[in-house]
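For reference, the chains in residue letters:
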Amino acid sequence: MANEDWIRKAQTLAIQFDGNAAKHDREGTFPFENFEALKEQGFLSLTVPKIYGGHEISLLTYVRILEILATGDGATALGLTMHLKIFGSEREAKSYPEKWFEKISLQATNEGSLVNTAATEEGLGSPAGGGLPNTVAISTPQGWRISGKKTFTTMAPLLSYFIVLARIDEENDSYLANFLLTREDKGLMMEETWNSLGMRASGSHDIVLQDVLIPRERLLNKRRPGELDKRSGSGSAWFALGVAATTLGVAQAARNYAVEFARERTPNDQKTIKQFSGIRNRIARIDLLLHRSRTLINDAAESWEHRDQAREKEIMQPINKVAITKIDTINNCIEAVDLAMRVVGGVSLQKSRPIERYYRDVRAGLHNPPIEDRALEQLARSVLDS
Ligand SMILES: Cc1cc2nc3c(=O)[nH]c(=O)nc-3n(C[C@H](O)[C@H](O)[C@H](O)COP(=O)(O)OP(=O)(O)OC[C@H]3O[C@@H](n4cnc5c(N)ncnc54)[C@H](O)[C@@H]3O)c2cc1C
């Protein structure tokens, strides 16, 4: 299917998602019907390689589609980002045994199975910090026995596969390892703990692992702490830009709401508010911020796709473009939604209006990697220490 067809389909789905977004946000429920629609329309295999029946879309098309879907429901688009980024990045990094990549790819294509990483833990904080998780995998004659607890596992109510980060202790060495777990594995349980300010419908619950015994071959990869993660560049590009695009979609929805409002709101015996210079100025600033973010995202996606060409490295390394695009987009979008709230005025605080949800959802991207300080340090390092 041509990219333009996917984009048209995404626009239709966004309208559909928008219809239920307020209810799921209010009740903190998971939008199962949105994922059913995504499955029916083929979106769950968008980034899966063609050899496994997928559509193998480019990074650039991926960010466009995510932005559109997020205008309908940010939480659904964020969940989809987490699933699709696994295939997009693994297509490039090839860090998993092919057998398992083939398995999760075919399942996504043929059955609409969802996969996500379960890496974060309460004690560990963000795994991007490089610390060792408390979740531990012990080698036994029967296979790996895994125990621990994961927090923030997006789409937990519907995931078929969990890529679990665990520690392996071997004699004097500890390793960071990723394992493939399935929903059917005995001892894997979801605790419905997710009750958050934003992205309330993302189902980012805890996952408890109680002596989960899995075959030895389900170890996907392992490395020493501090060693380069084979997935890191590609993982970063597909994840950070996906999060940026999702955040941009949420901010775009807030902008659209504010523009409609400004065109129509006419207080008694007053002018329509769009005539006031403060309103005009804010709307223009919102569009400037969103246009800047979209341009950065597209540029970083193209640079990443052409990262092997010398020209792409001349001014700034593609991976650094990805990092600063992510942090600048999140900051721009938070500012844009704040401006949209000011345009709408006092009623922007009302729970009956979607704009207060955008105001909460737009913040979530701040807390997904790379965080601002790490992204800036990455850039500083390549400028100052290389
Ligand atoms: C909506 C949402 C969905 C998510 N989904 C998933 C998921 O599906 N799977 C998953 O594994 N995780 C998921 N996460 C978790 C996410 O990836 C982070 O691990 C989590 O938000 C904790 O990150 P943190 O930086 O606040 O943690 P911490 O490491 O505890 O950091 C706490 C604070 O210290 C700062 N800090 C920490 N280290 C440094 C440093 N070196 N330099 C400067 N500042 C530092 C951080 O910026 C932060 O302000 C999700 C998070 C959100 C918000």
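This structure is a prediction, so every number in the text was calculated from the model and none was measured.

Quick word on the pattern of salt bridges
So, point 1. One pass over the full model with this rule turns up 21 salt bridges.
So, point 2. One salt bridge in this structure joins glutamate 27 and lysine 23, with 3.5 Å as the shortest N-O distance. Of this pair, glutamate 27 and lysine 23 both sit in helix H1 (residues 3-27), separated by four residues, roughly a single helical turn.
So, point 3. Of the charged contacts in the structure, one is a salt bridge between arginine 307 and glutamate 92, with a shortest N-O distance of 3.4 Å. Of this pair, arginine 307 sits in the loop between helix H7 (277-305) and helix H8 (318-344) while glutamate 92 sits in helix H4 (residues 74-93), and the two are 215 residues apart along the sequence.

A short note on the site of the ligand
So, point 1. Near the ligand, the surroundings consist of 21 residues, among which Asn116, Thr120, Phe152, Thr154 and His367 are the closest.
So, point 2. Between the ligand and serine 126 there is a distance of 3.1 Å, counted from an oxygen atom to a backbone nitrogen or oxygen.
So, point 3. A distance of 2.8 Å is found between an oxygen atom of the ligand and a backbone nitrogen or oxygen belonging to histidine 367.
So, point 4. Protein coverage of the free-state accessible area of the ligand, which is 960 Å², stands at 66%.
So, point 5. At the level of secondary structure, the elements contributing two or more residues to the shell around the ligand comprise H4, strand S1 (115-118), strand S3 (143-153) and helix H10 (372-384).

Overview of the nonpolar core
So, point 1. Core analysis: the largest hydrophobic core is formed by 93 residues, its most contacted members being Leu38, Phe43, Ile65, Leu69, Phe179 and Leu181.
So, point 2. The leading source of residues in this core is helix H6 (residues 232-264), at 17 residues.
So, point 3. Beyond its immediate chain neighbours, meaning those up to four positions away, leucine 69 contacts Ala10, Leu13, Ala14, Phe17, Leu38, Phe43, Ala77 and Leu80.

Concerning empty space enclosed by the protein
So, point 1. Throughout the structure, instances matching the rule amount to one cavity of 30 Å³ or more.
So, point 2. In this structure, the largest cavity occupies an estimated 40 Å³ of space.
So, point 3. Looking at the lining of the largest cavity, its residues break down into four nonpolar, four polar and one charged.

Looking at the packing of aromatic side chains
So, point 1. For the coordinates displayed, the defined rule picks out nine aromatic pairs.
So, point 2. Measuring from centroid to centroid gives 5.0 Å for phenylalanine 30 and phenylalanine 32, while their planes differ by 75°, and the two rings are edge-to-face.
So, point 3. Cluster of aromatic residues (ring-pair linked, three or more members): Phe30, Phe32 and Phe35.
So, point 4. Over the face of the ring belonging to phenylalanine 239 we find lysine 85, whose NZ or CZ atom lies 5.1 Å from the ring centre.
So, point 5. A cation sits over an aromatic face here: lysine 222 above tyrosine 175, 4.2 Å from the ring centre.

Description of the domain arrangement of the protein
So, point 1. By the assigned domains, the protein splits into domain 1 (3-113), domain 2 (118-223) and domain 3 (232-384).
So, point 2. On a C-alpha basis, the centroid separation for the pair domain 2 and domain 3 is 31 Å.
So, point 3. Counting residues at the interface gives seven residues for domain 2, matched by eight residues for domain 3.
So, point 4. Contact with domain 3 buries area across many residues of domain 2, yet Ala128, Leu197 and Met199 alone supply 71% of it, more than any other trio.
So, point 5. Across the domain 2-domain 3 interface, the total number found is zero salt bridges.
So, point 6. Where domain 2 meets domain 3, there are two residue pairs in polar contact (both at pLDDT 80 or more).

Quick notes on the side chain of serine 95
So, point 1. Inspection of the secondary structure puts serine 95 in the loop between H4 and helix H5 (98-111).
So, point 2. Relative accessible area serves as the criterion here: at 9%, serine 95 is assigned to the buried category.
So, point 3. Every residue in contact with serine 95, bar those within four places of it in the chain, is listed here: Glu90, Leu220, Asn221, Lys230 and Arg231.

Focus on unusual backbone geometry
So, point 1. The omega torsion across proline 369 and proline 370 is -5°, close enough to zero to call that bond cis.
So, point 2. With respect to the element layout, proline 370 can be found in the loop between helix H9 (355-361) and H10.
So, point 3. With phi around 50°, lysine 94 is a residue other than glycine that occupies positive phi space.
So, point 4. Relative to the assigned elements, lysine 94 resides in the loop between H4 and H5.
So, point 5. In this model, methionine 155 sits at a positive phi of 70°, which is unusual for a non-glycine residue.
So, point 6. By the element assignment, methionine 155 lies in the loop between S3 and strand S4 (161-170).

As for the environment of asparagine 116
So, point 1. Tracing the sequence through the fold places asparagine 116 in strand S1.
So, point 2. Along the primary structure asparagine 116 and leucine 180 are separated by 64 residues, whereas in three dimensions their C-alpha atoms are 10.0 Å apart.
So, point 3. Setting aside chain neighbours within four positions, we find asparagine 116 in contact with Met82, Lys85, Ile86, Thr153, Thr154, Met155, Leu159, Tyr161, Phe162 and Ile163.
So, point 4. For asparagine 116, the side chain forms a polar contact with the main-chain oxygen of threonine 154, separated by 3.1 Å.

Considerations on the environment of lysine 271
So, point 1. Its location among the elements puts lysine 271 in the loop between H6 and H7.
So, point 2. Once residues lying within four places of it in the same chain are set aside, the contact partners of lysine 271 are Arg265, Thr266 and Phe276.

Focus on the packing of helix H3 (residues 59-72) against H6
So, point 1. It is the contact of H3 with H6, at a shortest axis distance of 7 Å, that shows an interaxial angle of 35°. The two elements H3 and H6 meet at a crossing, and its hand is right-handed. Taking contact as the criterion, the partners of Leu59, Tyr62, Val63, Leu66, Glu67, Ala70 and Thr71 in H3 are, on H6, Ala237, Trp238, Leu241, Gly242, Ala245, Thr246, Leu248, Gly249, Val250, Gln252 and Ala253.
So, point 2. Along the lines of polarity and charge, the residues of the contact of H3 with H6 split into twelve nonpolar, five polar and one charged.

Rules behind the numbers
- Residues numbered from 1 in each chain as written.
- Predicted model: local features only at pLDDT ≥ 70, side-chain atom pairs only at ≥ 80, totals over all residues.
- Heavy atoms only, no water.
- Salt bridge = Lys/Arg side-chain N within 4 Å of Asp/Glu carboxyl O.
- Helix = DSSP H or I, 4+ residues; strand = E, 2+ residues; numbered from the N terminus.
- Near = heavy atom within 4 Å.
- Polar contact = N/O pair within 3.5 Å; in protein donor to acceptor, adjacent residues only side chain to side chain.
- Areas by Shrake-Rupley, 256 points an atom, 1.4 Å probe, with all protein chains shown as cover.
- Core = buried A, V, L, I, M, F, W, Y, C linked by side-chain atoms within 4.5 Å.
- Buried < 20%, exposed > 50% of the residue type's maximum accessible area, 1.4 Å probe, protein only.
- Contact = heavy atoms within 4.5 Å.
- 1 Å grid on protein atoms, 1.4 Å probe; cavity = no way out; pocket = protein on both sides within 12 Å on 5 of 7 lines; lining within 4 Å.
- Points joined across faces, edges and corners; volume = space filled by probe spheres on them.
- Nonpolar A, V, L, I, M, F, W, Y, C, P; charged D, E, K, R; others polar.
- Phe/Tyr/Trp six-rings, centres within 6.5 Å; stacked < 30°, edge-to-face > 60°.
- Lys NZ or Arg CZ within 6 Å of the ring centre and 35° of its normal.
- Domains from an automatic or database assignment.
- Buried area = accessible area lost by both parts, 1.4 Å probe.
- Axes fitted to C-alpha atoms, helices over the stretch in contact; angles between N-to-C directions.
- Left-handed = near helix turned anticlockwise from the far one by under 90°.

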